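Report on the structure
Residue strings, one per chain:
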Amino acid sequence: MTQRQTARIAIVTVSDRASRGEYEDKGGPAAEAWLREVVTSPVEIARHIVPDGREGVAATLRRLADGEGADLILITGGTGPAPRDETPEALADVIEKELEGFGEAMRRASLDEGVPTAILSRQSAGIRDACLMITIPGKPAAIATCLDAVFAAVPYCLDLIGAARIETDPARIVAFRPKG
């Protein structure tokens with residue numbers, strides 16, 4: 001199978017208030033800025049804002065992966081312990097394989113940054129066909145910390161699942177691809 005030349009990346013902000021226009025989404029723009037700083041290959045990035053809630057988030061993820069052909073979806077928000085935080089459950093409803101190491105690495109990186117509440121975070125990742133989905137925090141500084149912790153593995157994961165190939169700026173993140 002030939003990999004597409006331009007990767008399709010979706011950023012989904014999960015927030016009741018941002019979806020109603022009562023709160024400025026800072027997570028989506030921060031995630032996009034981080035990607036534009038790190039990814040050097042051609043990408044199309046689309047941002048979406050959806051309200052909290054398991055069914056709506058799951059439907060959005062399915063549409064982006066299946067209908068719009070997203071190679072990578074970053075989902076920001078809805079991963080804490082509050083009653084409306086159901087992003088991890090929505091992710092579990094749509095993925096075929098969970099990649100638990102992503103959540104472990106992101107929580108460890110946040111703890112190393114001195115954020116004791118990182119243990120409340122329910123970050124995770126998984127794949128659906130040729131799409132990698134990663135849940136990340138909603139705060140811009142936490143987004144950078146978490147993406148810095150896991151992104152070296154993302155290009156190779158995309159290769160393995162048959163998604164579009166992405167390259168990174170080695171001055172920011174060295175993409176790890178095993179030799180051979």
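This structure is a prediction, so every number in the text was calculated from the model and none was measured. (Residues numbered from 1 in each chain as written. Predicted model: local features only at pLDDT ≥ 70, side-chain atom pairs only at ≥ 80, totals over all residues. Heavy atoms only, no water.)

**Focus on the layout of surface pockets**
We count it as follows: With a 1 Å grid laid over protein atoms only, a set of points is called a cavity when a 1.4 Å probe fits there but cannot get out and a pocket when it is open yet has protein on both sides within 12 Å along at least five of seven lines; lining residues have an atom within 4 Å of a point. Grid points are joined across faces, edges and corners, and a volume is the space filled by probe spheres set on the points. Segments assigned H or I by DSSP are reported as helices when at least four residues long, segments assigned E as strands when at least two residues long, and all are numbered from the N terminus. The nonpolar class holds Ala, Val, Leu, Ile, Met, Phe, Trp, Tyr, Cys and Pro. Asp, Glu, Lys and Arg form the charged class, and all remaining residues, Gly among them, are polar.
One number sums up the size of the largest pocket: a volume of about 760 Å³. Around the largest pocket, the lining is made up of 33 residues, and of these Gly 77, Thr 79, Pro 137, Gly 138 and Lys 139 lie nearest the centre. Of all the secondary structure elements, the ones that give two or more residues to the lining of the largest pocket are strand E1 (7-14), helix H1 (16-19), helix H5 (100-112) and helix H6 (140-150). For the lining of the largest pocket, the per-class residue count stands at 12 nonpolar, 13 polar and eight charged.

**So, the pairing of strand E5 (residues 125-128)**
The cut-off we apply is this: The cut-offs for exposure are 20% and 50% of the maximum accessible area for each residue type, with area from a 1.4 Å probe on protein chains only; residues under the lower value are buried, those over the upper are exposed, and the others partly exposed. By the convention used here, strands pair only if DSSP detects at least 2 bridges between them.
By the alternation rule, side chains of E5 split into Ala 125 and Ile 127 and Gly 126 and Arg 128, which are all buried. Pairing geometry for strand E4 (residues 97-98) and E5, over two bridges, is antiparallel. Across the sheet, residue Lys 97 finds its bridge partner in E5, namely Ile 127. The pairing of E5 with strand E6 (residues 131-136) spans four bridges and is classified as antiparallel. Bridge pairing in E6 links Ile 127 to Leu 132.

**Some details on the pattern of salt bridges**
Here is the rule: Salt bridges are defined as contacts in which a side-chain nitrogen from Lys or Arg sits within 4 Å of a carboxyl oxygen from Asp or Glu.
Scanning the model with the defined rule gives 15 salt bridges in all. The closest approach of N and O atoms between Arg 54 and Asp 93, which form a salt bridge, is 2.7 Å. Separated by 39 residues along the polypeptide, Arg 54 in helix H3 (residues 54-67) and Asp 93 in helix H4 (residues 87-94) bring together distant segments of the chain. Judged by relative accessible area, Arg 54 falls into the partly exposed class, the value being 30%. Using a relative accessible area of 35% as the deciding quantity, one classes Asp 93 as partly exposed. Its salt-bridge partner being Arg 128, residue Asp 66 comes within 2.7 Å of it at the nearest N-O pair.

**Some remarks on the UniProt feature "domain: MoaB/Mog" (unreviewed entry) in the protein chain**
Stated formally: UniProt positions are given in the numbering used here, feature names are shortened, and annotations may be inferred rather than shown by experiment.
Taking the numbering used here, the UniProt-annotated feature "domain: MoaB/Mog" (unreviewed entry) corresponds to residues 10-157. Helix makes up 45% of residues 10-157 and strand 20%, and the two end C-alpha atoms of the span are 16 Å apart.

**Some thoughts on unusual backbone geometry**
Notably, Asp 129 is not glycine yet its phi reads approximately 50°, a positive angle. Examined against the element boundaries, Asp 129 turns out to sit in the loop between E5 and E6.

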